[in-house]
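Residue strings, one per chain:
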Amino acid sequence: MDRENIEMITRLVMESLQKQEEKKECGFLVPIGVSARHIHLTQEDLETLFGPGYQLTKKKELMGGQFASNELVTIVGLKLRAIENVRILGPCRSKSQVEVSATDAIKLGVKAPIRDSGDTADSAPIALVGPKGALYLKEGCIVAARHIHMSPADAKAAGVHDGDCVSVKADNERGTVFSNVKIRVDDSFTLEMHIDTDEANASNIATGTTVTIVK
Ligand SMILES: [Zn+2]
């Protein structure tokens, strides 16, 4: 190969590398947090499952003043199909809610709709069994819609607002683009995109993986 060709090839390679760098830098980066199935309970429902006056005990702090508790229960769907050791998140809320993956819903035999957290009207019925009692929720079982938590400063930097829907790209072997990702802005939030275990497994990404907001 003559010198001119080598120079030309070198230049093309350098240009292509530079373009890749520029491409990487133009999106806003968001770390992933994979949410396993979990439960939010009212104080009243907690007491039905664990006994009068029971208080959740803290295992791990989460963002927004929430925590993973040490308490686990069994969730039971139709035809007594059950999943054991489902963790309760605290503190207690004004409405009980069970968040499962689509695969869990199939296993339980329930038709859980994809919903934002808290939006449980007409969602799937589910039963819960704790050490001191059982509980039937006529609605409350959902597959949580994917979303990104961020602070107002992050929202400004990313050029998005609370309630916006964005697309997000995972740049790995599977190269998945997630559309319809809801932005949630609050002072108590740290930057993180929450997806469920089905979404994480299917796209080959895990907690700590970084994805990019694409517009
Ligand atoms: Zn979340």
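Residues numbered from 1 in each chain as written. Predicted model: local features only at pLDDT ≥ 70, side-chain atom pairs only at ≥ 80, totals over all residues. Heavy atoms only, no water.

### Quick look at the coordination of the zinc ion
Phase 1: Around the zinc ion, the protein supplies H147 (NE2), H149 (NE2) and H194 (ND1) as donor atoms, at distances of 2.0 to 2.1 Å.
Phase 2: Of note, the donors binding the zinc ion are all from one chain and are spaced H-x1-H-x44-H. Each member of the pair H147 and H149 is classed as buried. (Donors = N, O, S within 2.8 Å, 3.2 Å for Na, K, Ca; no water. Buried < 20%, exposed > 50% of the residue type's maximum accessible area, 1.4 Å probe, protein only.)

### Some remarks on the domain arrangement of the protein
Reports often express the size of an interface as the amount of accessible area lost when the parts come together.
Phase 1: Looking at the protein, the domain boundaries give domain 1 (27–33 + 146–213) and domain 2 (35–144).
Phase 2: Centre-to-centre, using C-alpha coordinates, domain 1 lies 24 Å away from domain 2.
Phase 3: Contacts between domain 1 and domain 2 engage 14 residues on the former and 11 residues on the latter.
Phase 4: Summed over both sides, the interface between domain 1 and domain 2 buries roughly 960 Å², with carbon and sulfur atoms accounting for 45% of that surface.
Phase 5: Taken together, domain 1 and domain 2 are joined by 1 salt bridge.
Phase 6: Close ionic contact of K182 with D116 constitutes a salt bridge, the shortest N to O distance being 2.7 Å.
Phase 7: The interface formed by domain 1 and domain 2 includes 5 residue pairs in polar contact (both at pLDDT 80 or more).
Phase 8: Among the elements of the structure, β12 (177–185), β13 (192–196) and α5 (197–203) are those that each provide at least two residues to the side of domain 1 that touches domain 2.
Phase 9: For the side of domain 1 that touches domain 2, the residue count by class is 2 nonpolar, 6 polar and 6 charged. (Domains from an automatic or database assignment. Contact = heavy atoms within 4.5 Å. Buried area = accessible area lost by both parts, 1.4 Å probe. Salt bridge = Lys/Arg side-chain N within 4 Å of Asp/Glu carboxyl O. Polar contact = N/O pair within 3.5 Å; in protein donor to acceptor, adjacent residues only side chain to side chain. Helix = DSSP H or I, 4+ residues; strand = E, 2+ residues; numbered from the N terminus. Nonpolar A, V, L, I, M, F, W, Y, C, P; charged D, E, K, R; others polar.)

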